Amino acid sequence: MLSILSTTAPIFIIIALGFIAVRTRLFPAEAVAGLGRFVIYFALPALIFSTVSQMAFSEVIDRHYLLVYGLGSMLAFVAGIGLSKMLKGDSLSQGAIKGMGMSMSNSAFVGLPVLLLAFDDPPTNAFAMNLMIENMVVLPVALIVMEFSQGRGNSQSLGAIIRPVAGRVIRNPLVIAIVAGVLASLANVEVPQVLQDSLDMLGRTSATVALFFVGASLVGTSLRGNIGEIGGVALGKLTLHPLMMVLLIWLLPDFDPQLQTAAILLAAMPMASVYPIIGSLYGYRRLTSSILLAGTVLSFFSISIALAVLF
């Protein structure tokens, strides 16, 4: 129990510090968005490129992991839509936003710090592959479903919906960093030491600043709305998503045990921090903000349970 707390406590202490700093106005609320941009545009891309470019391509990409995590996430997404429609009679758009909440982990801001603390030799390629799946599969599919649902009345074609989504994926700095890192790995590019040192310095800030940002971004968020609806999505993310990984790992061909552990652990993370931002685009800002708050708080238990079972 103490070993589990030694892993989870630092994570949630930093999240709490971010919340307290903004809540007490020690850290200005206006700077929170800039903090998030620093992580997304500088710290994480530096860490991703630095890590991936120094690995052999065969070490970066594991097709079994991609299949398990990608298929597990999509099954959680579809299950979220199905449960939303069956239990609540929600529209396709409402189902898709809930399905996204159940299937897209906060790998960038919470998952990475957990991996770094939980493993003696962290499988950072699992983190990179997660970002690929989340940003190139789960998020685009969710956006396409929501755009299609809301655009049907305007007779909007599927191609017209896909084009802006594809453009958003291509411009994503995390996707750019992954692609650049893979290309550098394939070409055996030797990064100059001065540049490598700069990338390493930026990368080392990513985990701490990301956790501080998570806490800071929760200020002003409250559990407003149907508690059952909010709790259902949050619990679906923290239980259904990792259980999908367990099921697929059991059913599909065996692969690296460390990557299997990482898949289950990363699926036990709360939903992505961009969830309320995406929700606000479709009129679900209040619902998604409340779900993110509930999921982040409850993830203390899901992460602790996952660590107790897996390690």
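Residues numbered from 1 in each chain as written. Predicted model: local features only at pLDDT ≥ 70, side-chain atom pairs only at ≥ 80, totals over all residues. Heavy atoms only, no water.

### Details of the nonpolar core
Operational definition: Here, the term nonpolar core denotes a set of buried Ala, Val, Leu, Ile, Met, Phe, Trp, Tyr and Cys residues that are joined through side-chain atoms within 4.5 Å. With a 1.4 Å probe rolled over the protein chains alone, any residue whose accessible area is under 20% of its type maximum counts as buried; one over 50% counts as exposed, and the rest are partly exposed. Strands are runs of DSSP state E lasting at least two residues, helices are runs of H or I lasting at least four, and both sets are numbered from the N terminus onward. Here a residue-residue contact requires only that any non-hydrogen atoms of the pair lie within 4.5 Å.
By size, the foremost hydrophobic cluster in this structure holds 88 residues, and its most contacted members are Tyr 65, Met 100, Met 146 and Leu 265. Per element, the largest residue contribution to this core is 13 residues, and it comes from helix α7 (residues 124-151). In contact with Met 100, other than residues within four places in its own chain, are Phe 77, Leu 139, Ala 142, Met 146, Tyr 275 and Ile 278.

### Section: the packing of aromatic side chains
Heads up, the rule is: We call Phe, Tyr and Trp rings a pair once their centres come within 6.5 Å, taking the six-membered ring for Trp, and we label the pair stacked below 30 degrees between planes, edge-to-face above 60, and tilted otherwise.
As enumerated under the stated definition, the model contains seven aromatic pairs in all. Three or more aromatic residues joined by ring pairs make a cluster, and in this case those are Phe 12, Phe 300 and Phe 301.

### Observations regarding helix α5 (residues 92-103)
Our working definition: What a helix is expected to span follows from its residue count: subtract one and scale by 1.5 Å.
Here α5 spans 16 Å end to end across twelve residues, near enough to the 16 Å set by a 1.5 Å rise per residue. In terms of residue burial, α5 counts as a mostly covered element, since ten of its twelve residues are buried. Burial in α5 covers these residues: Ser 93, Gly 95, Ala 96, Ile 97, Lys 98, Gly 99, Met 100, Gly 101, Met 102 and Ser 103.

### Observations concerning the environment of Gln 193
Mapped onto the fold, Gln 193 is located in helix α10 (residues 193-217). Sequence-wise, Gln 193 and Met 269 are 76 residues apart; in three dimensions their C-alpha atoms are separated by 35 Å.

### Quick notes on the pattern of salt bridges
The cut-off we apply is this: Whenever a carboxyl oxygen of Asp or Glu lies within 4 Å of a side-chain nitrogen of Lys or Arg, that contact is scored as a salt bridge.
Applying the stated criterion across every chain, the model contains two salt bridges. Close ionic contact of Asp 90 with Lys 98 constitutes a salt bridge, the shortest N to O distance being 2.5 Å. Taking the relative accessible area as the measure of exposure, Asp 90 reaches 8% and is therefore buried. Ionic pairing is found between Lys 98 and Glu 229, a salt bridge with its closest N-O pair at 2.4 Å. Of this pair, Lys 98 sits in helix α5 while Glu 229 is found in helix α11 (residues 227-251), placing the two residues 131 residues apart along the sequence. In this structure, Lys 98 and Glu 229 share a single accessibility class: buried. Taken together, the salt bridges that share partners define one network made up of Asp 90, Lys 98 and Glu 229.

### Regarding the packing of helix α2 (residues 32-53) against α10
Short version of the rule: Between the N-to-C directions of two axes lies an angle of 0 to 180 degrees, each axis being a line fitted to C-alpha atoms and, for a helix, fitted only over the stretch in contact. Our angle categories are set so that under 35 degrees counts as roughly parallel, over 145 as roughly antiparallel, 65 to 115 as roughly perpendicular, and the remainder as oblique. The hand of a helix crossing depends on one turn: near helix anticlockwise from the far one by less than a right angle means left-handed, and clockwise means right-handed. Note on residue classes: Ala, Val, Leu, Ile, Met, Phe, Trp, Tyr, Cys and Pro are nonpolar, Asp, Glu, Lys and Arg are charged, and everything else, Gly too, is polar.
At their nearest, the axes of α2 and α10 sit 7 Å apart, and the two run at 140° to each other. Taken together, the axes of α2 and α10 are oblique relative to one another. You can see that α2 and α10 cross each other, and the crossing is left-handed. Split into classes, the residues belonging to the contact of α2 with α10 amount to 17 nonpolar, seven polar and one charged.

### With respect to the environment of Val 175
Tracing the chain through its elements places Val 175 in helix α9 (residues 173-186). Judged by relative accessible area, which is 7%, Val 175 ranks as buried. A C-alpha to C-alpha distance of 24 Å links Val 175 and Thr 296, two positions 121 residues apart in sequence. If we skip the residues at most four places from it in the chain, Val 175 touches Asn 135, Met 136 and Val 169.

### Quick look at the packing of α11 against helix α14 (residues 285-310)
Orientation of α11 relative to α14, taken along the N-to-C sense of each, is 45°, at an axis distance of 8 Å. Compared by their axis directions, α11 and α14 come out oblique. For the crossing formed where α11 meets α14, the hand is right-handed. Between α11 and α14, the contacting residues are Glu 229, Ile 230, Val 233, Ala 234, Leu 235 and Leu 238 on the first element and Leu 287, Ser 290, Ile 291, Ala 294, Gly 295, Leu 298, Ser 299 and Ser 302 on the second. Partitioning the contact of α11 with α14 into residue classes produces nine nonpolar, four polar and one charged.

### Re α14
Since the α-helix packs 3.6 residues into each turn, any two residues three or four apart lie on the same face. Short version of the rule: Working definition for bend: take the seven residues up to and ending at a residue and the seven starting at it, fit an axis to each, and measure the angle between the axes.
If you check α14, its first and last C-alpha atoms are 35 Å apart, about what 26 residues at 1.5 Å a residue would give, namely 38 Å. For α14, the principal kink sits at Leu 298 and spans about 40°.

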